[in-house]
Amino acid sequence: NAGVTQTPKFQVLKTGQSMTLQCAQDMNHNSMYWYRQDPGMGLRLIYYSASEGTTDKGEVPNGYNVSRLNKREFSLRLESAAPSQTSVYFCASSSTVGMAIQYFGAGTRLSVL
Amino acid sequence: ILNVEQSPQSLHVQEGDSTNFTCSFPSSNFYALHWYRWETAKSPEALFVMTLNGDEKKKGRISATLNTKEGYSYLYIKGSQPEDSATYLCAFSQGGSEKLVFGKGTKLTVNP
């Protein structure tokens, strides 16, 4: 079972470069999420998509954009990377929002120099 | 912004000890409370989702209780084993909000 698949696993960027983090789930889930995890900060929600065709901001959306390409895929884009975006990024999915458990991908470790 | 507090931040126990940690959250407009287990170098995995005041959930040696009126949940581990070493996260959502807000976690280390 693949579950939630994130690519890439690791990435190093220079300040100002752009990149897209990819996420796909094969559980037919309606809702998908992007979190970042920083030391001492726990998981913070960047953006989420409650259903195909909708996206909404989370707690820390600045500097990011998202696309819910279809029901399976939810991508996170950094248009102009900054050192403050150095973090571990997790994608998650759930059958619905709020009450259903979330299934997490393996994470993407991003360093911005 | 909702605030979810977990205590303690970290905990070291000996194998065989029983332990518990706390998650505090706003008591108004409660919707759901989640517990996740997060091992180093892995992804968070769900333990429980609780929605009703007084809920108690159990999975093996791990159990959780929920008090929505006073805004807290306890996670208990009976007879801790080294493989229980992980960070335990709680996350909360309010009715009308589609978002989970995570606490910073309690890092448990079980020494053999």
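Residues numbered from 1 in each chain as written. Chains lettered and ligands numbered in written order. Predicted model: local features only at pLDDT ≥ 70, side-chain atom pairs only at ≥ 80, totals over all residues. Heavy atoms only, no water.

Caption draft 1: Structural context of the overall build of chain B. Assigned secondary structure in chain B consists of zero helices and eleven strands. Moving toward the C terminus, one meets the helices and strands of chain B in the order β-β-β-β-β-β-β-β-β-β-β. Expected size for 112 residues packed as a compact globule is a radius of gyration near 13 Å; at 14 Å, chain B falls within 12% of this value. Pairs at least 24 apart in sequence give 54% of the contacts found in chain B among residues at least 6 apart. As presented, chain B carries roughly 5,500 Å² of accessible surface, and 44% of it is formed by carbon and sulfur atoms. Within chain B, the 11 negative side-chain charges are centred at a point lying 2 Å from the centre of the 11 positive side-chain charges. (Helix = DSSP H or I, 4+ residues; strand = E, 2+ residues; numbered from the N terminus. Rg over C-alpha atoms; globule rule 2.2 N^0.38 Å. Contact = heavy atoms within 4.5 Å. Areas by Shrake-Rupley, 256 points an atom, 1.4 Å probe, with all protein chains shown as cover. Lys, Arg positive; Asp, Glu negative; His and termini not counted. Charge placed at Lys NZ, Arg CZ, Asp CG, Glu CD.)

Caption draft 2: Representation of the overall build of chain A. Counting its regular elements, chain A contains zero helices and eleven strands. Moving toward the C terminus, one meets the helices and strands of chain A in the order β-β-β-β-β-β-β-β-β-β-β. For a compact globule of 113 residues, the expected C-alpha radius of gyration is about 13 Å, and chain A comes in at 13 Å, within 12% of that figure. Across chain A, contacts joining residues at least 24 apart in sequence account for 55% of those joining residues at least 6 apart. Carbon and sulfur atoms make up 49% of the accessible area of chain A, which amounts to about 5,100 Å² in all. Where the 10 positive side-chain charges of chain A centre and where its 7 negative ones centre are 6 Å apart.

Caption draft 3: Quick look at the nonpolar core. In this structure, Leu33(B), Trp35(B), Leu75(B), Tyr88(B) and Leu108(B) are the most contacted members of the largest nonpolar core, which totals 24 residues. Put simply, the parts of the chain that give this core at least two residues each are strand 2 (10-14), strand 3 (19-24), strand 4 (30-38), strand 5 (45-50), strand 7 (62-67), strand 8 (72-77), strand 9 (86-94) and strand 11 (106-111) of chain B. Residues contacting Leu75(B), with those up to four places away along its chain left out, are Thr19(B), Asn20(B), Phe21(B), Trp35(B), Leu47(B), Phe48(B), Ile62(B), Ser63(B), Ala64(B) and Tyr88(B). If you look at the next biggest cluster of nonpolar residues, it comprises 20 residues, including Met19(A), Leu21(A), Trp34(A) and Tyr47(A). (Core = buried A, V, L, I, M, F, W, Y, C linked by side-chain atoms within 4.5 Å. Buried < 20%, exposed > 50% of the residue type's maximum accessible area, 1.4 Å probe, protein only.)

Caption draft 4: Seen up close, the interface of chain A and chain B. The interface of chain A with chain B comprises 24 residues on the first partner and 20 residues on the second. Each partner contributes to the roughly 1,700 Å² buried at the junction of chain A and chain B, and carbon and sulfur atoms together form 66% of this total. Run the count over chain A and chain B and you get zero salt bridges. Taken together, chain A and chain B are joined by two residue pairs in polar contact (both at pLDDT 80 or more). Of the residues that constitute the side of chain A that touches chain B, the class distribution is 14 nonpolar, seven polar and three charged. (Buried area = accessible area lost by both parts, 1.4 Å probe. Salt bridge = Lys/Arg side-chain N within 4 Å of Asp/Glu carboxyl O. Polar contact = N/O pair within 3.5 Å; in protein donor to acceptor, adjacent residues only side chain to side chain. Nonpolar A, V, L, I, M, F, W, Y, C, P; charged D, E, K, R; others polar.)

Caption draft 5: Layout of the sheet that holds strand 1 (residues 4-7) of chain A. Residues and elements named next belong to chain A. Pairing is antiparallel across the open sheet formed by four strands, whose spatial order is 1-3-8-7. Each having just a single partner strand, strand 1 and strand 7 (64-68) make up the two edges of the open sheet. Sheet twist, expressed as the mean angle between neighbouring strand axes with direction ignored, is 15°. Pairing of strand 1 with strand 3 (residues 19-25) involves four bridges; the strand directions are antiparallel. (Pairing = 2+ DSSP bridges. Axes fitted to C-alpha atoms, helices over the stretch in contact; angles between N-to-C directions.)

Caption draft 6: Region of the structure containing the state of the cysteines. Residues and elements named next belong to chain B. Taken as a whole and judged by the stated rule, the model has two disulfides over all chains. A disulfide bridge connects Cys-23 with Cys-90, and the sulfur atoms are separated by 1.9 Å. Judged by the torsion about the S-S bond (75°), the Cys-23/Cys-90 disulfide is right-handed. Taken as a pair, Cys-23 in strand 3 and Cys-90 in strand 9 lie far apart in primary sequence, 67 residues in all. The pair formed by Cys-23 and Cys-90 is uniform in burial state, with each residue classed as buried. (Disulfide = S-S within 2.5 Å.)

Caption draft 7: Inspection of the packing of aromatic side chains at higher detail. Throughout the structure, instances matching the rule amount to 16 aromatic pairs over all chains. Taking the centre distance of 5.8 Å and the plane angle of 35° together, the rings of Tyr35(A) and Phe104(A) count as tilted. Remark: Phe104(A) occurs in strand 10 (residues 103-104) and Tyr35(A) occurs in strand 4 (residues 31-38); sequence separation between them is 69 residues. The class for Tyr35(A) is buried, based on a relative accessible area of 0%. Judged by relative accessible area, which is 9%, Phe104(A) ranks as buried. Between the aromatic rings of Tyr74(B) and Tyr76(B), the centroid separation amounts to 6.1 Å while the plane-to-plane angle is 70°, which identifies the pairing as edge-to-face. (Phe/Tyr/Trp six-rings, centres within 6.5 Å; stacked < 30°, edge-to-face > 60°.)

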